[in-house]
Structure formats: structure tokens, C-alpha cells
Amino acid sequence: MKLLRYMYSRVSEDLLLLALLLGFALLMAMMPDAWHLVPQLVEWHTIAILAGLMVLSRGLEDSGALRRAGDWLLRRMPDERRLALSMVLFAALLSAVVTNDVALFIIVPLTVALGGMAPLPVGRLVIFEALAVNAGSAASPIGNPQNLLLWQLSGDSFAVFFMAMLPIAGWMLVTLLLLTAFAFPARPVALDQSGVRGPVRACLFRVSLLCYPAFLVLVEMGLIWWALAGILTLFLLLWRDVLRGVDWLILAIFVLMFVDLGLLAQLPVMAGVAEGLVALPGAEMTGAALLSQLISNVPAAIFLAAFSEQWYGLAWGVNVGGFGLAIGSLANLIALRLGRQRRLWLAFHAWSIPMLLFSLAGAYLLTAARG
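Residues numbered from 1 in each chain as written. Predicted model: local features only at pLDDT ≥ 70, side-chain atom pairs only at ≥ 80, totals over all residues. Heavy atoms only, no water.

Caption draft 1: Representation of the overall build of the chain in the model. On a plain count of helices and strands, the chain comes out with 20 helices and zero strands. On C-alpha atoms alone, the chain measures out to a radius of gyration of 21 Å, which is about the 21 Å that the 2.2 N^0.38 rule sets for 371 residues. If you take every contact in the chain between residues at least 6 apart in sequence, the share linking residues at least 24 apart comes to 80%. Looking at the chain as shown, the accessible area adds up to about 17,000 Å², and 70% of this sits on carbon and sulfur atoms. (Helix = DSSP H or I, 4+ residues; strand = E, 2+ residues; numbered from the N terminus. Rg over C-alpha atoms; globule rule 2.2 N^0.38 Å. Contact = heavy atoms within 4.5 Å. Areas by Shrake-Rupley, 256 points an atom, 1.4 Å probe, with all protein chains shown as cover.)

Caption draft 2: Region of interest: the layout of surface pockets. Computed from the structure, the largest pocket encloses a volume of approximately 1,300 Å³. Lining the largest pocket are 40 residues; nearest its centre among them are T46, I49, N144, P145 and L148. For the lining of the largest pocket, a count of residues per class yields 26 nonpolar, 11 polar and three charged. (1 Å grid on protein atoms, 1.4 Å probe; cavity = no way out; pocket = protein on both sides within 12 Å on 5 of 7 lines; lining within 4 Å. Points joined across faces, edges and corners; volume = space filled by probe spheres on them. Nonpolar A, V, L, I, M, F, W, Y, C, P; charged D, E, K, R; others polar.)

Caption draft 3: Geometry of the packing of helix 8 (residues 122-137) against helix 10 (residues 158-183). Where helix 8 contacts helix 10, the axes come no closer than 9 Å and their chain directions differ by 165 degrees. When the interaxial angle is binned, helix 8 and helix 10 end up roughly antiparallel. In terms of crossing hand, the pair formed by helix 8 and helix 10 is left-handed. Together, R124, F128, L131, A132, N134 and A135 of helix 8 and A169, M172, L173, L176, L179, T180 and A183 of helix 10 make up the contact between the two elements. Of the residues belonging to the contact of helix 8 with helix 10, the class tally is 10 nonpolar, two polar and one charged. (Axes fitted to C-alpha atoms, helices over the stretch in contact; angles between N-to-C directions. Parallel < 35°, antiparallel > 145°, perpendicular 65-115°, else oblique. Left-handed = near helix turned anticlockwise from the far one by under 90°.)

Caption draft 4: Broad picture of a nonpolar patch on the surface. Together, V217, M221, L223 and W226 line one region of the surface with nonpolar side chains, adding up to about 470 Å² of accessible area. With respect to the helices, strands and loops of the structure, V217 is situated in helix 11 (residues 202-220). (Patch = residues over 30% accessible without salt bridge, like charges linked within 9 Å, V, L, I, M, F, W, Y side chains within 5 Å. Salt bridge = Lys/Arg side-chain N within 4 Å of Asp/Glu carboxyl O.)

Caption draft 5: Broad picture of the side chain of E129. Here E129 shows up in helix 8. Within the buried core, E129 has no salt-bridge partner, and the shortest N-O distance to an opposite charge, that of R124, equals 12 Å. Sequence-distant contacts of E129, that is, excluding residues within four places in its chain, are made with M87, A91, L104, I107, V108 and T111. (Buried < 20%, exposed > 50% of the residue type's maximum accessible area, 1.4 Å probe, protein only. Lys, Arg positive; Asp, Glu negative; His and termini not counted.)

In C-alpha cells, the structure reads:
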């Protein structure tokens, strides 16, 4: 009974989850015969990967090692601006190698740890890290799911796809770095000495860190469920407190997002929307960016790929569309949940919407220059 009351209080306080539940109810009322589609709409492999990464990132955070790493970093970054620039650049580069969601599961817990050692604007840092992984992952064929899909559809080599995406990714990253320099003052960072030298659970840290590459290798081999089962079993036997600290409601949110967006795409009106979007000025790029604001950039890429074979126009558009509304990219939602900061959603849009406008303007200029 106590557990049920706790879950009810968590759900009732989560406005995004409530909105998704309401959206599901409305869509099912419009499509009463679509119940059999619901399980098929969920990317269960993605949910399993997220679950494993959530446990491992929580293990790193609870080990206390991130506080030590934060202590080292803060002693070498004399002011907020340089700290923010280094974190943004690190997040962007990391996302191009290990994908944007994995990068967030590494860097956001570190940022939260930094907030425990110095009076830093943690929420703003998390916002800019979310924007950074959207920008950095845009260059790489494996940086995010939409690029992976469109790269495979294009049939081009890794190098060809990378070079085609580099101009827009570079524009977005440079724009973001300039915005970062504007958003963070050159104010000295005052390190709080109390608690910095807290205990480190060395075994938990080593196991969590080593499990990251092992988990990702197993995922690449297609052994996703075995990898997740191994992670859950390991932590259940050795560190149950870590599992209790994971925000499991994230998984419910993502399951509902897949279902709601999948049902939305099934509506007959959406085919007309897609045809209208690819007829806009800038065609695929503009349409993909706009549709991403409604159904997120990965579903937008999947949906529009059925109506256009302009793979790079779509790729530019869905990557630019990761900015703007929080729903534009699943990475945004991951970062905002991991950040655990109040009133973060409104602040996110104050920075993300300008990034969408700057990035879209840059995409038009680059397209015109190439043409």
C-alpha cells in the first residue's frame, strides 16, 4: 500500500507523464480498433538499452567517484564560462562517438555531482549539455538513431555521410559555443570544501565503469536482453540501493511516447501532413525540422523517409529539429529527467528555441552556398 501511494504521488507530480496518458486516452478514443498495434509501436530494444544505461549511470553517481572527478575539474576551471564551454564541448564530441543518449548518461550525473561541490547553475549546464549532444551527434552516422537510419537508407559510406553532415553540425556547434559564452558569466567558481573528499565506493565505480563498454558491445551484437538481464542481476545481488535510486518512471514516459507518436502517425491526416511538409520551401529539410517539433526527430525521420529519398535534406532537417520543443529529441527528455532540477522545462525552451532558429537559418545559408 505504501508503494502504491508513493507511485501515485510520483505520477501525479509528473506533468509530462500525465500529458502522455491523456494523449493516449484521446488517441485510443479516436482509434478504438488500434489496441492490437500498441505493443508493436514500442521500440522495446530502445527501452531495454535505456534501462541498462540508467542503472550504470546511477552506479557511477552513487559510487562517489564523480564527485572526485568534479573536484579535479573544478580546481582546473577558474570560472563558470570556461567550465561550461569545456562541458559543452566534451558532451558534443562524446556524443559523436558513443551516441547522444549514452553521452548524457555519462555527463549529466557528473554535472549533478559538480552542483554538490560548488554553487553552479546546474540546470542551465544540463540544458546546454542536451543541446550539445544534439549538435555533436549530428555529424556522425552513428551519433543518433535518425542518422543511423538515414545513413543506411542512403547506401553511402561512413566518410561520405560524415562529410555531408559536417557543415550543419559544425554550424550548430559553433553557434552553441557562442551562446554558451553569452549564457555563462566569467564568474569565479567557489569550491565548497565540505564533503568534497567523501568516500568512494571503489568496487561499485569499477564495475559500473567496466560494464559500460561490455553492455554496449553486447547491444551491438544483438544480445540486448541478455545484457540487461546481466546488469539487473548483478546490481540486484550486490547493490540494491542503486536500483532503488533509479528513476524508473523515465521508462514509462518513453513507452508512452512511442505509443502516442506511433498512433498519431497512423492517423490518415498525417499522410497529408507529410506531403504538405515536403512541399514547403526547403522541402525535406524544413518539413523534417517542423515535424520533429510534433513527433520528435526519430519518428519524423522514419515517417518522412516513406515520402522522400532526399536523405541528406531529411538528415539536416531532423537534426536541426532536435532543438526547439523538448519533444524534438528524446535526448532532451533524457537530460531534463536526469538533471533532477525544478522548473527546468521552461528554462530549456528559452535556449532551445533560439538554437532552432539559428540552426535553421544556418542550414538555409549553407544550402544556398552549396547550390
